[in-house]
Amino acid sequence: MNRDHQTTKTPLRCTPKLTRMLNLFALAAALSAVPALAQETEFRIGGIGTFSGPFGVMGESMRKGAELAVEMRGQKVLGAPVKFIWEDDETKPQVAVQKATRMVSAQSHLLFAPVASGATLAVMKVAERAQTPLLVTMSAADDITAKDGNPYTFRTSNSIDMEMRMLDRFAAHSEFKKVFTVASDAGVSRDAEAKFRA
């Protein structure tokens, strides 16, 4: 565990106000990449979520949150009524790419990224080719907005690096003598554990 932060007296804090501001900034940036809606009768949002399997509850939360946010804003974006198109990626990158391609072909103005990072990384290429903004609200892999980032991908969720820095700082300020870690056998989980152990 990295103890370099022991001399720092102020722990990392992300207040609700700062979180709201960052989320609004990300949405504004994503919408600024959307072509003009002058001739459009609706604003189409394609959501590639995980609605089955172990991540299904997370995908369902994402869907409900997005629909509630739109409802609270009068069901309109840029003056046009919003239409959601939701598809289950089955936590499979190939399926996510197929469904994202179909949504881009249906002229979606904005895509919601899948829950799993592997699927999101695959969908990013579709969004970039189609020049369609991709909003990442769940996936945590660092490469999404770091090494493999592109100008059409925006993130409102924490990356693994951010999560592990916060956890490292918390551990450094605690009185723990030992810390045990358990991680699922997935790339992003292995990365998280490796960063925490470093």
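It is worth spelling out the overall build of the protein at this point. Counting its regular elements, the protein contains six helices and six strands. Going from N to C terminus, the protein has its helices and strands arranged as α-β-α-β-β-α-β-α-β-β-α-α. With 198 residues in all, the protein has 37% of them scored as buried. Roughly 11,700 Å² of accessible area belongs to the protein as shown, and the carbon and sulfur atoms make up 56% of that amount.

Attention now moves to the pairing of strand β3 (residues 80–88). When strand β1 (residues 43–49) meets β3, the two strands line up parallel, connected through seven bridges. When the sheet's bridge partners are listed, Ile48 is paired in β3 with Glu87. Relative to β3, strand β2 (residues 76–77) is paired through two bridges, and the arrangement is antiparallel. Note that in β3 the partner of Val77 across the bridge is Ala80.

What follows is about the nonpolar core. In summary, soluble globular proteins display a tendency toward joint burial of nonpolar side chains. In this structure, Ile48, Ala96, Ala100, Leu111, Val123, Leu134 and Ile144 are the most contacted members of the largest nonpolar core, which totals 15 residues. Going through the elements one at a time, α3 (93–105), α4 (117–130) and β5 (134–136) are the ones with two or more residues in this core. The greatest single-element share of this core, amounting to five residues, is contributed by α4. Other than its neighbours up to four places away in sequence, Leu111 contacts Gly46, Ile48, Met103, Val104, Ala127, Thr132, Pro133, Leu134 and Leu135. Core analysis: the next-biggest nonpolar cluster, separate from the first, contains 13 residues, Phe43, Val70, Ala80 and Trp86 among them.

Taken in spatial order, the six strands line up as β2-β3-β1-β4-β5-β6 in an open sheet, and their pairing is mixed. Where the open sheet ends on each side, the last strands, each with one partner, are β2 and β6 (153–155). By the bridge criterion, three bridges tie β5 to β6 in an arrangement that is parallel. Opposite Val136, over in β6, you have Arg155 as the bridge partner. Across the face of the sheet, helix α2 (residues 56–72) comes into contact with β1, β2, β3 and β4 (110–112) while running at roughly 175 degrees to β3. Set on the sheet, α4 makes contact with β1, β4, β5 and β6; between it and β5 the angle comes to about 160 degrees.

The rules we used
- Residues numbered from 1 in each chain as written.
- Predicted model: local features only at pLDDT ≥ 70, side-chain atom pairs only at ≥ 80, totals over all residues.
- Heavy atoms only, no water.
- Helix = DSSP H or I, 4+ residues; strand = E, 2+ residues; numbered from the N terminus.
- Buried < 20%, exposed > 50% of the residue type's maximum accessible area, 1.4 Å probe, protein only.
- Areas by Shrake-Rupley, 256 points an atom, 1.4 Å probe, with all protein chains shown as cover.
- Pairing = 2+ DSSP bridges.
- Core = buried A, V, L, I, M, F, W, Y, C linked by side-chain atoms within 4.5 Å.
- Contact = heavy atoms within 4.5 Å.
- Axes fitted to C-alpha atoms, helices over the stretch in contact; angles between N-to-C directions.

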